[in-house]
Amino acid sequence: MSTVDPSMVVPRMAPAKQRSILAIASGKGGVGKTWFAITLTHALAKRQQRVLLFDGDLGLANIDIQLGLMPRHDLGSVVAGKLTLNQAATHFASGGFDVIAGRSGSGSLANIPASRLQLIADDLALMARDYDRVILDLGAGVEKAVRQLASTAHTILVVTSDEPTALTDAYAFIKINAIERPETDIRVVVNASNSTREGERTYTTLLKACQGFLRISPPLAGVVRRDTRVREAIRNQTPLLTRYPNSEAALDVEALADRLLAG
Ligand SMILES: Nc1ncnc2c1ncn2[C@@H]1O[C@H](COP(=O)(O)OP(=O)(O)O)[C@@H](O)[C@H]1O
Ligand SMILES: [Mg+2]
């Protein structure tokens with residue numbers, strides 16, 4: 001008969017929010033969040049950072065598709081209780097980083113119960129200790145599961161495009177976050193912009209709304225220009241920094257990664 005000494009039972013405490021976790025959010029879908037998360041991860045790995053890329057888009061997980069990765073394991077096995085989060089990581093050798101793919105053999109993970117998701121979020125925070133950075137690709141929107149995963153992150157990069165609908169949805173995300181977790185370091189990325197200048201103007205519009213209505217001033221993390229080679233690289237299921245390292249979008253993400261590391 002085995003008995004457990006109560007003094008040996010360590011209570012399961014939610015680990016503190018990890019400084020190394022950086023979430024990529026957006027209001028609107030299709031603004032290039034997944035592509036940006038992958039490319040930023042790659043740029044950080046090239047800078048000798050140990051990086052884990054986590055596919056937290058529970059409804060439309062597709063990091064594995066964009067990378068042309070056939071992961072042996074994914075988040076579905078973790079949710080099913082077959083693997084620990086650690087075991088579900090795959091090393092993406094050509095990029096020099098680790099990936100936890102989100103695809104589930106049994107379909108979408110969108111309906112995962114909040115309590116289960118919290119256990120995964122807690123495990124991710126623990127796992128983050130083994131990395132310099134964890135990049136968390138979130139689903140679009142502001143629903144509870146997205147906010148729950150986002151709450152593990154110290155920093156959130158909100159991705160928008162120049163389009164007014166993307167901008168209002170980015171504002172909605174920033175607003176909810178400002179109310180629920182005002183301590184978050186939240187920054188803005190304008191992606192697929194026609195030019196750096198136009199991207200900066202888009203940011204200024206968003207900034208003015210944040211200052212006027214929310215009394216906050218989220219800084220600009222960077223502008224990434226629209227570039228036809230992004231689509232070509234995705235079609236080839238090859239990272240942009242591998243296939244077109246000197247393209248405008250690649251240079252913009254590299255510069256953004258440098259600024260991020262500079263503080
Ligand atoms: N900087 C960019 N320039 C041109 N096209 C882009 C850029 N960023 C993203 N895209 C396009 O947007 C599409 C959607 O990107 P994706 O990362 O899947 O968006 P999300 O994760 O926000 O839904 C991609 O297939 C790509 O063709
Ligand atoms: Mg996506």
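How each quantity is defined
- Residues numbered from 1 in each chain as written.
- Chains lettered and ligands numbered in written order.
- Predicted model: local features only at pLDDT ≥ 70, side-chain atom pairs only at ≥ 80, totals over all residues.
- Near = placed C-beta within 6 Å.
- Helix = DSSP H or I, 4+ residues; strand = E, 2+ residues; numbered from the N terminus.
- Nonpolar A, V, L, I, M, F, W, Y, C, P; charged D, E, K, R; others polar.
- Core = buried A, V, L, I, M, F, W, Y, C linked by C-beta atoms within 7 Å.
- Buried ≥ 20, exposed ≤ 12 C-beta atoms within 10 Å, placed from the backbone.
- Contact = placed C-beta atoms within 7 Å.
- Pairing = 2+ DSSP bridges.
- Axes fitted to C-alpha atoms, helices over the stretch in contact; angles between N-to-C directions.
- Parallel < 35°, antiparallel > 145°, perpendicular 65-115°, else oblique.
- Left-handed = near helix turned anticlockwise from the far one by under 90°.
- Expected span 1.5 Å × (residues − 1).
- Arc of directions from axis to C-beta.

Identification of the chain as Flagellar biosynthesis protein FlhG from Roseospira visakhapatnamensis is taken from an unreviewed UniProt entry.

Student: Explain the site of ligand 1 to me, please; I cannot follow it from the model alone.
Tutor: Of all residues adjacent to ligand 1, which total 17 residues, the nearest are G32, K33, T34, W35 and R231. If you list the elements that add at least two residues to the shell around ligand 1, you get helix 1 (33-46), strand 7 (185-193) and helix 8 (228-235). Of the residues in the shell around ligand 1, the class split is seven nonpolar, six polar and four charged.

Student: I would appreciate a short explanation of the nonpolar core in the present structure.
Tutor: Counting residues in each nonpolar core, the largest one holds 80 residues, and the members touching the most others are A23, I24, L53, I135, L136 and V158. The residues contacting I24, other than those within four sequence positions of it, are K33, F36, A37, I135, L136, D137, L138, L157 and V159.

Student: Got a minute to help me understand the sheet that holds strand 5 (residues 133-138) in this structure?
Tutor: For sheets, the rule is that strands pair by backbone hydrogen bonds, running either parallel or antiparallel. Strand order in the open sheet formed by eight strands is 3-4-2-5-1-6-7-8, and the pairing between neighbours is mixed. With one partner strand each, in any of the chains shown, strand 3 (90-92) and strand 8 (220-225) form the two edges of the open sheet. Each strand axis lies, on average, 25° off the axis of its neighbour in the sheet, ignoring direction. By the bridge criterion, four bridges tie strand 1 (residues 18-25) to strand 5 in an arrangement that is parallel. Each bridged residue has a counterpart across the sheet, and for L22 the counterpart in strand 5 is I135.

Student: In this structure, what is going on with the packing of helix 1 against helix 10 (residues 248-262)? I would like to understand it.
Tutor: Any two packed helices are characterised by how steeply their axes cross, that is the angle between the axes, and by the distance between the axes. The N-to-C vectors of helix 1 and helix 10 enclose an angle of 60°; their axes lie 9 Å apart at closest approach. Judged on the interaxial angle alone, helix 10 and helix 1 are oblique. Where helix 1 crosses over helix 10, the two elements pack in a sense that is right-handed. Facing T39, L40, A43 and L44 of helix 1, the residues of helix 10 in contact are V253, E254, L256 and A257. Its residues assigned to classes, the contact of helix 1 with helix 10 shows six nonpolar, one polar and one charged.

Student: Got a minute to help me understand the pairing of strand 4 (residues 97-100) in this structure?
Tutor: Every other side chain in a regular strand lies on the same face of the sheet, so the side chains alternate between the two faces. With burial as the criterion, each face of strand 4 is covered, one bearing F97 and V99 and the other bearing D98 and I100. Relative to strand 4, strand 2 (residues 51-56) is paired through three bridges, and the arrangement is parallel. If you follow L53 over to strand 4, its bridge partner there is V99. Counted along the chain from strand 3 to the antiparallel partner strand 4, the turn is four residues long, and its residue G96 has a positive phi close to 75°.

Student: Before we go on, may I ask you to explain helix 10 in this structure?
Tutor: One turn of an α-helix holds 3.6 residues; hence residues three or four places apart share an orientation. Taking 1.5 Å of rise per residue, 15 residues should cover 21 Å, and helix 10 covers 21 Å from first to last C-alpha, within 8% of that figure. Among all positions of helix 10, only A249, A250, D252, V253, L256, A257 and L260 are buried. Mapping the buried residues of helix 10 onto a view down its axis gives an arc of 160°, with all of them on the same face. Buried residues belonging to helix 10 abut helix 1, strand 8, helix 8 and helix 9 (240-243). Two residues or fewer after helix 10 comes G263, characterised by a positive phi angle close to 115°.

Student: What is the right way to read the environment of G102 from this model?
Tutor: Assignment of secondary structure puts G102 in the loop between strand 4 and helix 4 (114-127). Judged by the 27 C-beta atoms lying within 10 Å of it, G102 falls in the buried class. Placed 69 residues apart in sequence, G102 and Y171 show a C-alpha to C-alpha distance of 27 Å. Here G102 is in contact with D55, G56, D57, L58, A61, I63, D74, L75 and L109, once residues within four sequence places are set aside.

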